[in-house]
Amino acid sequence: MLKWIYDLSYDELKEDVCKLKMPGYVADQIFQWLYEKSIDDIAAWSNISKQNRSLLSRKFNTRPDKIIAIEENKEGTGKFLIQLIDGSRIEAVLIREKKHLTLCISTQVGCALKCKFCATGIMGFKRNLTCGEILCQVLLVKREAAASLPQQKRMPKVNIVFMGMGEPLLNYENLKKALAIITSGKGIGILPRNITVSTAGILAGIKRLEEDFTAIKVGFSLNSPDATLREELMPVSKREKLSEILTYFKNTSRKHRLTFEYVLIKGVNDSLKDAGKVSALLRGIPCKINLIPYNENGNIDYETPSAADVEAFCEYLCARNYTVMIRWSKGRDIKSACGQLAVEI
Ligand code: SAH
């Protein structure tokens, strides 16, 4: 049985390479081919001897997961449907912004958290993604973005947000292994400060992430300042208490400001009274607030608030010295916006 190479950390690969009686630096060369040059055909790895290439191809499978469909809209947002080795399907999103690219990456097939407003939550949970399955999304989407650049245009800066399908911090070990390769100079080499991990609020996971990767940004999906309503919308908060998470945020220092995500749902959590509670709740926490007007899904009843209500909510918080961004999602027309990712499982 061939080993799928993307599931191996640098140290694991090096160990295997040494077991094959090759010098350790071959692991560096392999990493360079896979993650820097994005060339997965072993035959093309020209700085490795023919004999070693043939040994490697008898040991490793270097084929990445398969993109089975790409849907793009006029703004340049692309949704990638990716098929995994076991046939499961996931989605990743490429958002082309003026000066940079944002890759929105999934961490699980489906999601177990059942947030009432989210299409992924409704589809249920199948399994965690492996390290390689997380990595391959980055590789594949980046490769596609590079291929679509006009000639001679340099690759823009790449940001990664773990805001695709699933709860990243409930798949921490695999996320950590993938992040090590994504951020390493030997690997994909994306700076930790250009990566955001978004969570519904898994406190033990937040602590581990902040310990292991001090420069990676944490996004916390607040979605309601009211603990009772939040528990209703996001059942996970019955066990992961909002008050405990906020106490942790208040008492620990970090390199970066936290991001609070707040999905604005018409008539549910979008009143100025809610804005007042948010303002009081986050006082003293260095942060920015992303307001995401609700993206509607066919089979969920919630609605997008009016632009005027979104503005009013935003202005209320701005007037109280918060940094607030309104994130009208790109890619709503191709169902690739926040909370719209869902495939059959
Ligand atoms: N499980 C993680 C990451 C996935 S969801 C988390 O909860 O943070 C990514 C973001 O999309 C979260 O902030 C979530 O609250 C938001 N979201 C979910 N459904 C949405 C919808 N229909 N419209 C807008 N944002 C949504």
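Data block above holds the structure.
Residues numbered from 1 in each chain as written. Predicted model: local features only at pLDDT ≥ 70, side-chain atom pairs only at ≥ 80, totals over all residues. Heavy atoms only, no water.

Asks: Help me get a handle on the overall build of the protein chain, residues and values and all.
Replies: If you tally the helices and strands in the protein chain, you get 11 helices and 14 strands. Projected onto its principal axes, the C-alpha coordinates of the protein chain cover approximately 70 × 45 × 40 Å. Just so you have it, the protein chain exposes about 16,000 Å², and 50% of that area is on carbon and sulfur atoms. For the protein chain, the distance from the average site of its 51 positive side-chain charges to the average site of its 39 negative ones is 5 Å. (Helix = DSSP H or I, 4+ residues; strand = E, 2+ residues; numbered from the N terminus. Areas by Shrake-Rupley, 256 points an atom, 1.4 Å probe, with all protein chains shown as cover. Lys, Arg positive; Asp, Glu negative; His and termini not counted. Charge placed at Lys NZ, Arg CZ, Asp CG, Glu CD.)

Asks: Quick rundown of the sheet that holds strand β6 (residues 100-104)? Include the residues and the values.
Replies: If you trace the 10 strands from one edge of the open sheet to the other, you get β3-β4-β5-β6-β9-β10-β11-β12-β13-β14, paired in mixed fashion. Two strands close off the open sheet at either side, each with one partner strand: β3 (66-72) and β14 (323-326). Put simply, the sheet's adjacent strands are angled 20 degrees from each other on average, direction ignored. Pairing analysis gives four bridges linking strand β5 (residues 89-96) to β6, with the strands arranged antiparallel. (Pairing = 2+ DSSP bridges. Axes fitted to C-alpha atoms, helices over the stretch in contact; angles between N-to-C directions.)

Asks: Tell me about the environment of alanine 69, and please be specific about residues and values.
Replies: The residue alanine 69 is located in strand β3 in this model. Taking relative accessible area as the criterion, alanine 69 reaches 35% and is therefore assigned partly exposed. When the C-alpha positions of alanine 69 and lysine 79 are compared, they lie 8.1 Å apart, and in sequence the two are 10 residues distant. Contacts of alanine 69, omitting those with residues within four sequence positions, involve Lys79, Phe80 and Leu81. (Buried < 20%, exposed > 50% of the residue type's maximum accessible area, 1.4 Å probe, protein only. Contact = heavy atoms within 4.5 Å.)

Asks: So what about the state of the cysteines? Which residues, and what values?
Replies: All told, the structure shown has zero disulfides when counted by the stated rule. Cysteine 111 takes part in no disulfide bond, and the closest cysteine sulfur to it belongs to cysteine 115, at a distance of 6.4 Å. Here cysteine 111 falls in the buried class, since its relative accessible area comes to 9%. In this model cysteine 318 remains outside any disulfide bridge; the closest cysteine sulfur is found in cysteine 314, 3.9 Å from its own. (Disulfide = S-S within 2.5 Å.)

Asks: Which residues make up helix α3 (residues 50-59), and what values do they have?
Replies: Three or four residues apart is the spacing at which side chains of an α-helix point the same way, because the helix has 3.6 residues per turn. Listed in full, the buried residues belonging to α3 are Asn52, Arg53 and Leu56. Around the axis of α3, the buried residues are gathered within 100 degrees of arc, so they sit on the same side. Across from the buried face of α3, at angles greater than 90 degrees, the exposed residues are Lys50, Gln51 and Arg58. Lining the buried residues of α3 we find α2 (25-36) and β2 (60-61). (Arc of directions from axis to C-beta.)

Asks: How would you sum up the pattern of salt bridges? Please name residues and give values.
Replies: A full pass over the atoms with the stated rule returns 16 salt bridges. For lysine 186, the salt bridge is made with aspartate 28, and the minimal N-O distance between the two is 3.0 Å. Of this pair, lysine 186 sits in the loop between α6 (172-183) and β10 (195-199) while aspartate 28 sits in helix α2; the two residues are 158 residues apart in sequence, bridging distant segments of the chain. Residue classification places lysine 186 among the partly exposed residues on the basis of a relative accessible area of 40%. The shortest N-O distance in the salt bridge between glutamate 173 and arginine 208 comes to 2.7 Å. With glutamate 173 in helix α6 and arginine 208 in helix α7 (residues 203-212), the pair connects residues that are 35 residues apart, well separated along the chain. The exposure class of glutamate 173 is partly exposed, given its relative accessible area of 47%. Of the residues examined, arginine 208 reaches a relative accessible area of 35% and is grouped as partly exposed. (Salt bridge = Lys/Arg side-chain N within 4 Å of Asp/Glu carboxyl O.)

Asks: Quick rundown of helix α9 (residues 242-251)? Include the residues and the values.
Replies: Of the residues making up α9, those classed as buried are Leu242, Ile245, Leu246, Tyr248 and Phe249. Burial along α9 is one-sided: seen end-on, the buried residues are contained in an arc of 155 degrees. Lining the buried residues of α9 we find α7, β11 (217-221), α8 (227-233), β12 (258-264) and α10 (272-282).

Asks: Give a detailed account of the packing of aromatic side chains, specifying residues and quantitative values.
Replies: In this structure the tally under the stated criterion is 10 aromatic pairs. Both rings, one in tyrosine 6 and one in tyrosine 35, keep their centres 6.3 Å apart while their planes meet at 70 degrees; by these two values the pair is edge-to-face. With tyrosine 6 in the loop between β1 (3-4) and α1 (10-19) and tyrosine 35 in helix α2, this pair connects stretches of sequence that are 29 residues apart. Of the residues examined, tyrosine 6 reaches a relative accessible area of 0% and is grouped as buried. (Phe/Tyr/Trp six-rings, centres within 6.5 Å; stacked < 30°, edge-to-face > 60°.)

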